[in-house]
Structures are given as structure tokens and as C-alpha cells.
Amino acid sequence: MITRTRLAAGACALLAALAAGMAFPVGASAGEPTGEDAPKVDLVLDVSGSMRTRDIDGGTRMAAAKQAFNEVLDATPEEVQLGIRTLGADYPGDDRKTGCKDTAQLYPVGPLDRTEAKTAVATLAPTGWTPIGPALLKAADDLDGGAGSKRIVLISDGEDTCAPLDPCEVAREIAAKGIGLTIDTLGLVPNTKMRQQLSCIAEATGGTYTSVEHTDELTDKVNQLVDRAADPVVTPVATEGADECAKAPTLKSGLYTDREEFGQQRWYRVDVEPGQELRASVSVGADRAVNPSYGVLLRAVTVHGREIVRGEAAGNGRTDVLSTGLRYPKAESDEDDAAAEAVCLQVTNSFSVASSVKTTPGLPLELTVDVVDGPGDSDDVAAFGLGRGWWLLGLLVLVGFVAGLLWGWLSRWRFAIWRTN
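Definitions and limits used
Residues numbered from 1 in each chain as written. Predicted model: local features only at pLDDT ≥ 70, side-chain atom pairs only at ≥ 80, totals over all residues. Heavy atoms only, no water. Helix = DSSP H or I, 4+ residues; strand = E, 2+ residues; numbered from the N terminus. Patch = residues over 30% accessible without salt bridge, like charges linked within 9 Å, V, L, I, M, F, W, Y side chains within 5 Å. Areas by Shrake-Rupley, 256 points an atom, 1.4 Å probe, with all protein chains shown as cover. Salt bridge = Lys/Arg side-chain N within 4 Å of Asp/Glu carboxyl O. Lys, Arg positive; Asp, Glu negative; His and termini not counted. Charge placed at Lys NZ, Arg CZ, Asp CG, Glu CD. pLDDT = per-residue confidence, 0-100. Contact = heavy atoms within 4.5 Å. Axes fitted to C-alpha atoms, helices over the stretch in contact; angles between N-to-C directions. Parallel < 35°, antiparallel > 145°, perpendicular 65-115°, else oblique. Nonpolar A, V, L, I, M, F, W, Y, C, P; charged D, E, K, R; others polar. Pairing = 2+ DSSP bridges. Left-handed = near helix turned anticlockwise from the far one by under 90°. Disulfide = S-S within 2.5 Å.

S.K.: Explain the environment of Asn316 residue by residue, including any values.
M.R.: Along the chain, the position of Asn316 falls in the loop between strand E14 (307-315) and strand E15 (321-329). Asn316 sits 24 residues away from Pro292 along the chain, and the two C-alpha atoms are 5.0 Å apart.

So, in C-alpha cells, the structure goes:
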């Protein structure tokens, strides 16, 4: 039976535990943090003309941003490589084509020289347009390379003025590359349309949106996001599932990311040795407006198509992510050279959208695969299931039967003694 949406939160917790806490094989596995590359952060600041508005703590929005940046630069952890990119800082004219190219790297992403960075920020003055989409594309290039965590922090006070290059679509394209880049957005005194746009950008990459109206709020939030970049993370490995099991890529333990079209099936293969247990979970993100009534199905089947086990989740209403998982223990073999079993994982979704909503790229999919030694100790809960637990159930039945016979015999004996007396 398909579970309700409330179970998605529990499945998300399972996904996080599998991604971060389960034992991977020795050596660098897919999706495992290596700790070799420094985390990178690119602060993208809106310097358009509207930033001269005086509505934040009695000063201009630009003044609040500068003060926040100075404090953030002082507090940036040593291990974080930080850069600053601007949008709308250089072109003051009315030519839209030129204004929509106005994005520049104010300070390159790399080891931080606080004095140099502060000097660069001090030169900024509100100037031109708001090319958010082009700025995000350039910022993604600023962070290109390396396996460490990558984060863009976008600070803006208005909507993008360079349509049809939709910033939300740009964020989805960045997410589809599978480079593990997160975009967080902060809106200064936002209106409804800007909030919707910045929220969409953040949700597309698994980031956060925050509305700020005071300088100290801006400082605290940017500091928090920069510090978060320094935390160890697991970067998903981009993969591409097939439309049938025979063509599916073989995955090892790790965290993977893919894109799945609406109503599409994606297939992956995992080799499971005798005595091992396969644990898998999947999350499909609704990064755009979807119709009510949706579901996600994860099946483990043999190469011949026989279903082994499945996990399902469904809901009706508004959601950001839907998750489910499964476990499959393979019995031990008496043969020392027994071959591994190829298990096929099938991911299917039943999301749909209105005709006005774009269906490409597909929905972001995150798949966690872990193959561990199967449960064998008596204190393992799985050992008391339908496998090794039958001996315990049989023992309890036998003890109950013997106890019933003894109690019946004692009752008859006591009744006979009572009648004799």
C-alpha cells in the first residue's frame, strides 16, 4: 500500500543517514567526501540602481551590504576559498543588451586576502541593471573544478531584468550538471514576485531563501552560509540511468544524482554478494509547480524481471521532495566462489505538470546505494525477522505447548485431589 506524504520526512532522514553515516568500503567511493579540495564560496552581489534606496536601518541597501560583507570577510574560515562577483555594477546606460552583460568578478575565488577584498567592496556604487541569470552562469564558472563543496550566495533587492533568460531555469541547468553546487538566495526588503523568483532559484539546487530587512540579519545569514560551506559534505556523483535493466550502469556504494523526466523509468544495477545486504533510497525533487497527486516507486528486481522488494511514497498537495527506500539481504552461500547477484533498481515517478510548465530538464533525482555485510548477530533486529527468526518463533511455540500440557495435568491432578478429600 502506498504511504502518505508524511512518511516522506522519515524517508528523507533515512536518505541522510545512508548518505552520511553508513560504512562505505575502504578507499574513495562514489559520493564520498575526500577532504582534499577546499570548499569554495562565491558571493554574488546585486549592485543595480535600486540598491541606493534608503530603507534598511536608516541607510541605503548598498551601505548595509557593504557593512555585512566587511564583517563576513573578517569571520570567513581560513580553509574557505571565497570570491565576490557583482551584477549591475558597471553599466549605467539604457541599452538592455549591454546592461544584461553587466556582471564581473570583483574578487577571484581563492585564498582570501581580507584587506584586498574589503578595498574592492568599498569601490562599489549602485549603477545599472539586474542580470541575475547571466551572473549565476558566470558564478558557476568561477567555482568550476575540484571536488570540494561549492556554494553561491546571491544577494539581491529586485527581480531579474534580463528575461527571457529565466534565472530559475539557469539554476536548474546548473543543478543538472551534477557538480554539487548549491545556490542560496537572500532578498533585501522583497516583494512577492522577487520572493518567488529567489525561492525558485534556491529550491532548484537544494539551497535556501531568506528575506532580510536589517543589516545584522544580513551579516548573520551570510556568515552562516559561508560557515556551512566549510562543513564536510557528500557530493553526489552524476550518473545517467537507462530505460531498461540490461543497459543500466552498475553502481557501487555511494550517492548519485540524475534527472528523470515526468512519468519516466530509470534503471540502475548493483552487484550484491552472498551474505551482503543492499540498502537503497531515492529522493525526487519537485523543483517546479507540479499537479496534486504524485508518487515515487523504487523497486529491486532480478535481471529476469522478478520483483524482490519495493518501496513506495505518494502524496496529494504541495511538496518539495518525495523519498522512499528499501532493503534486500542476500542469503549466505555454502560455496566459496558463489557469484554476486545483479540486482536491478527501478525508479519511477508519477509527477505531472500543467501545460504551461516546462518539462525539461527532468526532475532532480538523488539515489543512495549502500552494500554492507548482512545481519548475522543475534542482537541485530533484522536477525529476528522472517529469516533467522523462525527458530525463535518455533522455540516459543514449543515452550507454550509444553507449558500448556503441564498446566492441564496439574489442574486435573488438583481437581482429583479435591474430589477425593
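S.K.: Any details on a negative patch on the surface? Residues and values, ideally.
M.R.: On the surface, Asp57, Glu71, Glu213, Asp216, Glu217 and Asp220 cluster together into a negatively charged patch. Within the element layout of this structure, Glu213 appears in the loop between strand E8 (209-212) and helix H8 (215-230).

S.K.: Lay out the confidence of the model for the chain in plain terms, naming residues and giving numbers.
M.R.: Per-chain confidence: the chain averages 83 in pLDDT, with 85% of residues scoring 70 or above. Low pLDDT, under 50, characterises residues 377-388; the predicted model gives this stretch twelve contacts beyond four residues in sequence or across chains.

S.K.: So, the packing of helix H6 (residues 167-176) against helix H7 (residues 192-204): which residues are in play, and what are the values?
M.R.: Helix packing geometry: the angle between the two helix axes and the distance between the axes. Contact pair H6 / H7: the axes reach a minimum separation of 8 Å and the direction vectors enclose 5°. Taken together, H6 and H7 sit at an angle that is classed as roughly parallel. The segment H6 lies against H7, with Pro167, Cys168, Ala171, Arg172 and Ala175 engaging Gln197, Cys200, Ile201 and Ala204. When its residues are assigned to classes, the contact of H6 with H7 shows seven nonpolar, one polar and one charged.

S.K.: Lay out the sheet that holds strand E9 (residues 237-238) with the relevant residues and their values.
M.R.: In spatial order, the strands read E9-E10-E17-E12-E15; together these five strands make up an open sheet with mixed pairing. Two strands lie at the open edges of the sheet, namely E9 and E15, each paired on one side alone. As paired elements, strand E10 (residues 254-260) and strand E17 (residues 363-373) share seven bridges and run antiparallel to each other. Directly across from Glu260, in E17, lies its bridge partner Leu363.

S.K.: Give me the packing of helix H5 (residues 132-142) against H6: which residues, what numbers.
M.R.: At a minimum axis distance of 8 Å, the contact between H5 and H6 shows a crossing angle of 20°. Classified by the angle their axes make, H5 and H6 are roughly parallel. Crossing hand, H5 versus H6: right-handed. Contacts between H5 and H6 involve Ile132, Gly133, Leu136, Leu137 and Ala140 from the first element and Pro167, Val170 and Ile174 from the second. Looking at the contact of H5 with H6 residue by residue, the class counts come to seven nonpolar, one polar and no charged.

S.K.: Help me get a handle on the state of the cysteines, residues and values and all.
M.R.: One covalent bond between the sulfur atoms of two cysteine residues makes up a disulfide. Counted according to the given criterion, the structure contains three disulfides. The residue that forms a disulfide with Cys168 is Cys200, at a sulfur-sulfur distance of 1.6 Å. One disulfide, between Cys168 and Cys200, carries an S-S torsion of -50° and so falls in the left-handed class. Linking Cys168 in helix H6 with Cys200 in helix H7, this pair joins segments that are 32 residues apart in sequence.

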